[in-house]
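Remarks on the overall topology
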2 protein chains.
Amino acid sequence: MNKLNVLLASFLCFSLTIAVSAQGTRSRVAVVDTVILGGTVVTMDGGRRVIEDGAVAIKGGVIEAVGTRKEITAGFRGRRVINAAGKAVVPGLINTHTHIPMTLFRGISDDLDLNDWLTQFIFPAEAKNVDEAFVRAGTRLGLAEMIRGGTTTYCDMYYFEDAIAEETKKAGVRGVLGQTIIQFPVADAKTPEDALVLTERFIKRWQNDTLITPAAAPHAPYTLSTDHLKAIKAQSDRLNSTVVIHVAETKKERDDILTQYGKTPVEYLDSIGFLSNRTIAAHSVWLTDNEIAIYKRRGVGSAHCPQSNMKLASGTARIPEMLAADVAVGIGTDGPASNNDLDMWDEMDTVAKLHKHATGDPKAVPAEAAFEMATIRGARALNLGNVTGSLEGGKAADIVILDLDGVHQLPMYNIYSHLVYTTKASDVRTVLIAGRVVMQDRRLMTLNENAIKIDARRYRDKILNSLKN
Amino acid sequence: MNKLNVLLASFLCFSLTIAVSAQGTRSRVAVVDTVILGGTVVTMDGGRRVIEDGAVAIKGGVIEAVGTRKEITAGFRGRRVINAAGKAVVPGLINTHTHIPMTLFRGISDDLDLNDWLTQFIFPAEAKNVDEAFVRAGTRLGLAEMIRGGTTTYCDMYYFEDAIAEETKKAGVRGVLGQTIIQFPVADAKTPEDALVLTERFIKRWQNDTLITPAAAPHAPYTLSTDHLKAIKAQSDRLNSTVVIHVAETKKERDDILTQYGKTPVEYLDSIGFLSNRTIAAHSVWLTDNEIAIYKRRGVGSAHCPQSNMKLASGTARIPEMLAADVAVGIGTDGPASNNDLDMWDEMDTVAKLHKHATGDPKAVPAEAAFEMATIRGARALNLGNVTGSLEGGKAADIVILDLDGVHQLPMYNIYSHLVYTTKASDVRTVLIAGRVVMQDRRLMTLNENAIKIDARRYRDKILNSLKN
């Protein structure tokens, strides 16, 4: 070999080395749909990892990996890259109790006794206005508000829930949606028996959907007979489906049930075999120690609605005790007719402050516990703890990216304090649900905001007119 | 006169008539600096007028007239016209209790006992960081947040209050600013005597300012001797100046004062002749009926800080009783180290909900009463009831224009419900103080937002470093 050949061989060899290592690198880098790059990633995983300059890789709607920017860029290349530098990347929020179409009744009557509120305003307004079209318009309005505030999963209870499921699916939002069953005639069912038939059809239609978890929603222990409650439980056992119910919202309810059945509400429900890990019990304000223990033992999920409970003067749920017992208790806004919004950030802030106030202990329900209730503990409450509520491999890519640099947010010392006590719904910038971008830089991608607003104003006039007659 | 002449004369006469009436109209239309045109004008005047498609005329920083669009356009022509169609036009909010430089400590330590919070974090952080430059940077940050949230007047208590006054004046914000006087050595005074000298100079410098009301700020009855409190009162009588003080914030304070002086805090202060209609008493959580009556009799203003009281588990101020007694009680956020923001919308919402919860009466503190506390009643609390707090002729043009068409705000049935339960700081669009536009379409006009953010981040690092040593 002459010098030239040696040189040529060296060059070829060198080139081959490069090609091989490039090939090697390429083979190690997996191509995914989306990579979120940068920002403070608050995982809410078991180790409660908070990753500075983190990243998330997403494929097929599922989180492939969560790590530092360096780790993720070494392992993944996204067809789409979302820059989250300087922002927070957090699990989508879980609103565990709503009546979403009632968004159209937002603020229709406030500062009233519960009875006056129901009989003078809500029941007449519902009787005269609730039909499928109303439910669809109200749902779209509520969905728009929820997405704008970073809520990616919600648990609902209303009439025409099949229409709610269609609208929710279309908007790309995750929902546990409960078809109401109640003793008296309502808009979509004359009797509980009719409602049970409707519920069965509804559950069977949606049961295998990736976003929608269909459920039965018996209204409350005091608005259904024991036989009806048993029939609903039997149906849910047969279909392996979820049940959403109001429990022990007011002292009156607790006292009435105690008088009627000789047991407090949760003890009564447990005595008829009603409770399971597929039960979601909203409010649960008036619980005894034993009832909290029953929730834990049966795996019942609970939805704490502090602002609604305060506004209607219903009492204080025993959240510190429920957390100490590791009950799966999430946070709910309740319907906007009684709150008056679907804002989970406000609600978190109230959770953290209310229980300090109620117990006299400023260490009660710290910020991290409140954020946990709004995310992974809320997911557990809905029996979706394996699906959503935290950022970790294998879970659905339900992710919220939010600003951290408003003047109301500076300076920042602790991310959980900031999320709970400082962050507002308006700080949410981009929202993904099952990997799909449903809001990008505050622009809704799956809903027509203008049409929703026009509908809301039109329904306002219609509702006001209906109440005049 | 021939026919032509008659016609000509008639024509001339007709033309003259037109000219005269045009002249007459012109002379009736006053030229003003600004007219805000359209929108729902919530006046908070004595008659609580809410004017649909209303308008406000402003001249020389003062409101000339408030009326319907038709009335105002008939009488006034603005050099500048602000279109408020579809929006709400409301009085600027009054934050009756802050420690504004502490915005730089926002969230530095949460979920702690008051004592741990003070001794482990706040006092060391203050000792190592508070100087005039810190106070200026913190004030600018807090002012930016307040303006963005529609607060036009605030009542403060801190150190280096002269620097706070300069920054506040520069930003064009209205302030009742209290120079702290306390028993132990602090950043700007070694003794209460030093602080009294400082306070005298401060009050004399600012006493005739149109925006700044300088005040003495004795910290609390338990951190000053009776003699010092008397000296402060004598000074304020001599200068006809305002006094800001914390009163009865905690049960411990109430019990300690009772033990030491044989009287509850307000009774004690009244017994030494301390209280007048120039006193602003923050918190006032632990009051007896008699103490509420003393507030009313002496014309003492009070600042209710519900979120701070909840977060620090201080108790529930007796707001329904204070309103029933017509005490001038406003709403305060307290410092962002304990809240963690300067957001009056959040605070109003909490006021309306907390007292329903506390009393068990869902009719307690209705939305209108909460909004009144955040505006005209808050102005009265600061002894500025003749200056600001409502939209009416002769008052300062402290005005907030806010969006009403976010999806979280639709539909709207009742304006007060909407302002208190639904509106967020981010809905505020344009803010005028004394007729000067300090925020236009969410852009700050008197503060450099970028510089403020850079300062906030720089101070964060400095503060964290100082706590390591």
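About the criteria used
- Residues numbered from 1 in each chain as written.
- Chains lettered and ligands numbered in written order.
- Predicted model: local features only at pLDDT ≥ 70, side-chain atom pairs only at ≥ 80, totals over all residues.
- Heavy atoms only, no water.
- Helix = DSSP H or I, 4+ residues; strand = E, 2+ residues; numbered from the N terminus.
- Rg over C-alpha atoms; globule rule 2.2 N^0.38 Å.
- Buried < 20%, exposed > 50% of the residue type's maximum accessible area, 1.4 Å probe, protein only.
- Contact = heavy atoms within 4.5 Å.
- Areas by Shrake-Rupley, 256 points an atom, 1.4 Å probe, with all protein chains shown as cover.
- Lys, Arg positive; Asp, Glu negative; His and termini not counted.
- Charge placed at Lys NZ, Arg CZ, Asp CG, Glu CD.
- Disulfide = S-S within 2.5 Å.
- Pairing = 2+ DSSP bridges.
- Axes fitted to C-alpha atoms, helices over the stretch in contact; angles between N-to-C directions.
- Phe/Tyr/Trp six-rings, centres within 6.5 Å; stacked < 30°, edge-to-face > 60°.
- Domains from an automatic or database assignment.
- Buried area = accessible area lost by both parts, 1.4 Å probe.
- Salt bridge = Lys/Arg side-chain N within 4 Å of Asp/Glu carboxyl O.
- Polar contact = N/O pair within 3.5 Å; in protein donor to acceptor, adjacent residues only side chain to side chain.
- Least-squares fit on C-alpha atoms with pLDDT ≥ 70 in both.
- Left-handed = near helix turned anticlockwise from the far one by under 90°.
- Nonpolar A, V, L, I, M, F, W, Y, C, P; charged D, E, K, R; others polar.

Focus on the overall build of chain A
Looking only at helices and strands, chain A has 17 helices and 19 strands in total. A compact globule built from 469 residues would reach a C-alpha radius of gyration of about 23 Å, and chain A, at 25 Å, matches this within 12%. For chain A, the spread of C-alpha atoms along the three principal axes comes to 105 × 50 × 45 Å. Looking at chain A as a whole, 63% of its 469 residues qualify as buried. Of all intrachain contacts in chain A linking residues separated by at least 6 positions in sequence, the fraction that spans at least 24 positions is 72%. In the form shown here, chain A has an accessible surface area of approximately 16,900 Å², with 54% of it arising from carbon and sulfur atoms. Across chain A, the 54 positively charged side chains and the 54 negatively charged ones have centroids separated by 7 Å.

Examining the environment of Ile-294 of chain A
Residues and elements named next belong to chain A. Positionally, Ile-294 belongs in helix α10 (residues 289-298). Relative accessible area serves as the criterion here: at 3%, Ile-294 is assigned to the buried category. Those residues in contact with Ile-294 that sit more than four places away from it in its chain are Val-266, Glu-267, Asp-270 and Leu-275.

Digging into the state of the cysteines
Evaluation of the coordinates by the stated rule reveals 0 disulfides over all chains. No disulfide involves Cys-305 of chain A; its sulfur sits 9.8 Å from that of Cys-155 of chain A, the nearest cysteine.

With respect to the sheet that holds strand β7 (residues 88-91) of chain A
Residues and elements named next belong to chain A. Read from one edge to the other, the open sheet built from 7 strands follows the order β3-β2-β7-β16-β17-β18-β19, with strand pairing classed as mixed. The sheet terminates laterally at β3 (50-51) and β19 (443-444), the two strands that pair on one side only. Relative to strand β17 (residues 428-433), strand β16 (residues 399-402) runs antiparallel, the two sharing 4 bridges. Each residue of the ladder has a partner; that of Ile-399, found in β17, is Leu-432. Helix α16 (residues 415-422) rests against β2 (40-42), β3, β7 and β16 of the sheet, and its axis sits at about 80° to β2.

Description of the packing of aromatic side chains
Residue and element names in this part refer to chain A. Considering all chains together, one arrives at 12 aromatic pairs over all chains under this definition. Ring centres of Tyr-158 and Tyr-159 lie 4.9 Å apart, and the angle between their planes is 55°; this geometry places the pair in the tilted category. Like Tyr-158, the residue Tyr-159 is buried in the burial classification. Between Tyr-261 and Tyr-268 the ring centres are 3.9 Å apart and the planes differ by 15°, which places this aromatic pair in the stacked class. Given a relative accessible area of 2%, Tyr-268 falls into the buried group.

Points about the domain arrangement of chain A
Residue and element names in this part refer to chain A. According to the domain assignment, chain A contains domain 1 (2-85) and domain 2 (91-444). Using only C-alpha atoms to locate each centre, domain 1 and domain 2 end up separated by 40 Å. Note on domain 1 versus domain 2: buried area summed over both sides is about 1,700 Å², and carbon and sulfur give 69% of it. In this assembly, domain 1 and domain 2 are joined by 2 salt bridges. On inspection of domain 1 and its partner domain 2, the count reaches 6 residue pairs in polar contact (both at pLDDT 80 or more).

A look at the relation of the copies chain B and chain A
Structural alignment of chain B on chain A gives an RMSD of 0.0 Å, achieved by rotating through 180° and translating 0.0 Å along the axis. Taken together, these values place the two copies in the relation of a two-fold axis. Ranked by how close their C-alpha atoms come to the rotation axis, the residues of chain B are headed by Ser-426 of chain B, at 3.3 Å. Both copies share a contact surface, since 100% of the interface residues of chain B are interface residues in chain A too.

Overview of the pattern of salt bridges
Any two side chains of opposite charge can pair, given that their charged atoms come close. The final tally for this structure, using the stated rule, is 90 salt bridges over all chains. One salt bridge in this structure joins Arg-136 of chain B and Glu-167 of chain B, with 2.9 Å as the shortest N-O distance. Of this pair, Arg-136 of chain B sits in helix α4 (residues 132-148) while Glu-167 of chain B is found in helix α5 (residues 161-171), placing the two residues 31 residues apart along the sequence. Judged by relative accessible area, which is 3%, Glu-167 of chain B ranks as buried. Residue Lys-251 of chain B is joined to Asp-255 of chain B by a salt bridge in which the shortest nitrogen-to-oxygen separation is 3.0 Å. Of this pair, Lys-251 of chain B and Asp-255 of chain B are both found in helix α8 (residues 251-261), 4 residues apart, which corresponds to roughly one turn of the helix. For Lys-251 of chain B, a relative accessible area of 40% corresponds to the partly exposed category. The class for Asp-255 of chain B is partly exposed, based on a relative accessible area of 27%. What you see here is one network of salt bridges that share partners, running through Glu-132, Arg-136, Arg-140, Asp-162, Glu-166, Glu-167, Lys-170, Arg-205, Asp-455 and Arg-458 of chain A.

Digging into the interface of chain B and chain A
Quite often, the size of an interface is put as the accessible area lost when its parts meet. In this complex, chain B contributes 62 residues to the contact, which on the side of chain A involves 62 residues. Between chain B and chain A, roughly 5,000 Å² of surface is buried when both sides are summed, and carbon and sulfur atoms account for 57% of that area. Put simply, chain B and chain A have 8 salt bridges between them. Across the salt bridge formed by Asp-341 of chain B and Lys-424 of chain A, the nearest N and O atoms sit 2.9 Å from each other.

Some words on unusual backbone geometry
Following Asn-339 of chain A, the chain continues to Asn-340 of chain A via a peptide bond in cis, the omega torsion being 15°. Residue placement: Asn-340 of chain A occurs in the loop between β15 (328-331) and α13 (344-359). Even without glycine at this site, His-283 of chain A takes up a positive phi of about 70°. With respect to the element layout, His-283 of chain A can be found in strand β13 (residues 279-283). For His-283 of chain A, a relative accessible area of 1% corresponds to the buried category. A positive phi is found at Asn-240 of chain B, a non-glycine position, where the angle reads about 55°.

Some words on the sheet that holds strand β7 (residues 88-91) of chain B
Residue and element names in this part refer to chain B. Taken in spatial order, the 7 strands make up an open sheet running β3-β2-β7-β16-β17-β18-β19, and their pairing is mixed. Of all strands in the sheet, those with a lone pairing partner are β3 (50-51) and β19 (443-444), marking the two edges. Sheet topology places strand β17 (residues 428-433) next to strand β18 (residues 436-440); 3 bridges connect them, and they run antiparallel. Looking at the pairing, Val-431 lines up with Met-439 of β18.

A closer look at the side chain of Asp-270 of chain B
Residues and elements named next belong to chain B. Take Asp-270: it is sitting in helix α9 (residues 265-271). The exposure class of Asp-270 is buried, given its relative accessible area of 15%. Sequence-distant contacts of Asp-270, defined by excluding residues within four places in its chain, comprise Leu-275, Ile-294 and Arg-298.

What about the packing of α4 of chain B against α5 of chain B?
All names here are of chain B. Across the interface, α4 lies against α5 with an axial gap of 9 Å and an inter-helix angle of 35°. Viewed along their axes, α4 and α5 form a crossing whose handedness is right-handed. Residues Glu-132, Val-135, Arg-136, Thr-139, Arg-140, Leu-143 and Ile-147 of α4 touch α5, and the partners they reach there are Ala-163, Ile-164, Glu-166, Glu-167, Thr-168 and Ala-171. The class makeup of the residues in the contact of α4 with α5 is 6 nonpolar, 2 polar and 5 charged.

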